[in-house]
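Fold and contact review
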Amino acid sequence: MEISMDNVFQQGTIFINDIYKTIYLTPNEPLVYDTNKWEYKYLPTITQFKHDIVEQSQLHRSQSSQHLAFVFPENILLSKNWLDLLESYHFELGIMELYAIEASDFPQFYNEAIDIQFVTSQSLEDYIQIYRTFALPYGEAYANEIIQTLRNSYISDNKERIIAYKLEKPIGILDLIVSESVVEIDGFGVLPEYQQQGIGKVMQSFVARYADGKTIILVADGEDTAKDMYIKQGYQFISFKYQILKENVNFEHEESCRNE
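Summary of the structure given here. It should be emphasised that the depicted structure is a prediction, and the values quoted were computed from it without experimental measurement.

Right, let's talk about the overall build of the chain for a bit. For the chain, the count of helices and strands is 7 helices and 11 strands. For the chain, whose C-alpha radius of gyration is 19 Å, the value lies close to the compact-globule estimate of 18 Å for 260 residues. Taking the principal axes of the C-alpha coordinates as reference, the chain spans close to 65 × 35 × 30 Å. Counting the 260 residues in the chain, one finds 48% classified as buried.

What follows concerns the sheet that holds strand β3 (residues 37-40). Ordered by their spatial adjacency, 11 strands build an open sheet running β1-β2-β3-β4-β11-β5-β10-β9-β8-β7-β6, and the pairing between neighbours is mixed. The outermost strands of the open sheet, each flanked by one partner alone, are β1 (14-17) and β6 (114-118). The sheet shows a mean angle of 25° between the axes of neighbouring strands, taken without regard to direction. Sheet topology places strand β8 (residues 169-178) next to strand β9 (residues 182-190); 6 bridges connect them, and they run antiparallel. The partner of Val178 across the bridge, within β9, is Val183.

Take Lys37: it is sitting in strand β3. Within the local environment of Lys37, its side chain forms a polar contact with the side chain of Asp34, the two groups lying 2.6 Å apart. Of note is the side chain of Lys37, whose polar atom sits 3.3 Å from the side chain of Glu39. Those residues in contact with Lys37, other than ones at most four positions away along the chain, are Gln10, Thr22, Ile23, Tyr24, Gln56, His60, Ala69 and Val71.

Take the pattern of salt bridges next. Applying the stated criterion across every chain yields a total of 10 salt bridges. Lys37 is the partner of Glu39 in a salt bridge, and the nearest nitrogen-oxygen pair spans 3.3 Å. This pair shows no difference in class: Glu39 is buried, exactly as Lys37 is. Two residues, Lys159 and Asp186, come together in a salt bridge whose shortest N-O distance is 3.3 Å. One end of the pair, Lys159, is in strand β7 (residues 159-166); the other, Asp186, is in strand β9, with 27 residues separating them in the sequence. A relative accessible area of 28% places Asp186 in the partly exposed class. Sharing partners across several salt bridges, the network here consists of Asp34, Lys37, Glu39 and Lys241.

For the pair helix α3 (residues 124-135) and helix α4 (residues 140-153), the least separation of the axes is 10 Å and the interaxial angle reads 150°. Classified by the interaxial angle, the pair formed by α3 and α4 is roughly antiparallel. As α3 packs across α4, the resulting crossing turns out to be right-handed. In this structure, α3 uses Glu125, Tyr127, Ile128, Tyr131, Arg132 and Ala135 to contact α4, whose residues at the interface are Tyr142, Ala143, Asn144, Ile146, Ile147, Leu150 and Arg151. Across the contact of α3 with α4, the residue classes tally to 9 nonpolar, 1 polar and 3 charged.

Moving on, we get to a negative patch on the surface. Together, Asp221, Glu223, Asp224 and Asp228 make up a region of like negative charge exposed at the surface. You can see Asp221 is positioned in strand β10 (residues 215-221). According to the relative accessible area criterion, Asp221 is partly exposed, its value standing at 42%.

A separate point is the pairing of strand β5 (residues 92-102). For β5, the tally of buried residues reaches 8 of 11 residues, placing the bulk of the element in the interior. Sheet topology note: the β5/strand β11 (residues 236-247) ladder contains 9 bridges and is antiparallel. Looking across to β11, one finds that Glu97 is bridged to Phe240.

Judged by nonpolar contacts, the single largest core of 45 residues is most densely connected at Ile116, Tyr127, Ile185, Val207, Ile216 and Tyr235. Per-element tally for this core: the top contributor is helix α5 (residues 199-211), with 7 residues. Ignoring sequence-local partners within four residues, the contact set of Tyr235 consists of Tyr99, Ala100, Ile101, Phe106, Ile185, Gln204, Ile216, Leu218 and Tyr230. With 22 residues, the next largest nonpolar core counts Ile23, Leu59, Leu78 and Leu85 among its residues.

Note: α-helices contain 3.6 residues per turn, so residues at a spacing of three or four share the same orientation. Between the first and last C-alpha of α3 there are 16 Å, a value that for 12 residues agrees with the 16 Å anticipated at 1.5 Å per step. Looking only at α3, the buried set comprises Leu124, Tyr127, Ile128, Ile130 and Ala135. On an axial view of α3, the arc spanned by its buried residues comes to 165°, and they lie on one face. As for α3, its buried residues are in contact with α4, β7 and β8.

Parameters at a glance
Residues numbered from 1 in each chain as written. Predicted model: local features only at pLDDT ≥ 70, side-chain atom pairs only at ≥ 80, totals over all residues. Heavy atoms only, no water. Helix = DSSP H or I, 4+ residues; strand = E, 2+ residues; numbered from the N terminus. Rg over C-alpha atoms; globule rule 2.2 N^0.38 Å. Buried < 20%, exposed > 50% of the residue type's maximum accessible area, 1.4 Å probe, protein only. Pairing = 2+ DSSP bridges. Axes fitted to C-alpha atoms, helices over the stretch in contact; angles between N-to-C directions. Polar contact = N/O pair within 3.5 Å; in protein donor to acceptor, adjacent residues only side chain to side chain. Contact = heavy atoms within 4.5 Å. Salt bridge = Lys/Arg side-chain N within 4 Å of Asp/Glu carboxyl O. Parallel < 35°, antiparallel > 145°, perpendicular 65-115°, else oblique. Left-handed = near helix turned anticlockwise from the far one by under 90°. Nonpolar A, V, L, I, M, F, W, Y, C, P; charged D, E, K, R; others polar. Patch = residues over 30% accessible without salt bridge, like charges linked within 9 Å, V, L, I, M, F, W, Y side chains within 5 Å. Areas by Shrake-Rupley, 256 points an atom, 1.4 Å probe, with all protein chains shown as cover. Lys, Arg positive; Asp, Glu negative; His and termini not counted. Charge placed at Lys NZ, Arg CZ, Asp CG, Glu CD. Core = buried A, V, L, I, M, F, W, Y, C linked by side-chain atoms within 4.5 Å. Expected span 1.5 Å × (residues − 1). Arc of directions from axis to C-beta.

Without other data, these values stay purely geometric and don't point to any function.
Given below as structure tokens:
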């Protein structure tokens, strides 16, 4: 089957969806970048983008979001003019890369010391303990908000959650989003002191067995060295998207862009 970014699950509330863009605005998660952003379907003009900055500023300020976030269309390279503009506005530029592998092609790894389980109500606090470790670098307010959302929705949302134990200590977590044709790996992390021990491979082997013939996909940060590991494991690069982020925004300054 043909895989694209359209196969990647997107959480959050859709505020507007038209032929040019999708706007995600999620008032109950105002500090979560990924659920409060604009995704372009076509590359806007620079003039239009400046107006969009102002509009997004107004929307985000109204719900106490403190960032600006935009995602550009799949496989669209940004020109030097665009890159210079984003730098002048102090946006952080990132790239999301989509990788895929057939579950049957993923090599199997085992480690008798590692116990992989699906998260239940009994193991949820162990999962949250690790989840908090990875959320805290984004700020305590963010960590508390996203963990509260998790507590409220983990039973009813569309994710399967996996936890890895070593000698009964929780050491790694992984989220799965299962659709008719693909299994998406999301929220994948192993505690720093247990990294470089093959635990991630064991967890992905568990996923490959669970996927039962479906295609496994994941999105990696283009600057993350983890993508080299995925390639060594047999994942194939599929496509990319640029994304930009500006944190701790002075919205009054952004709105002044209207007159530029």
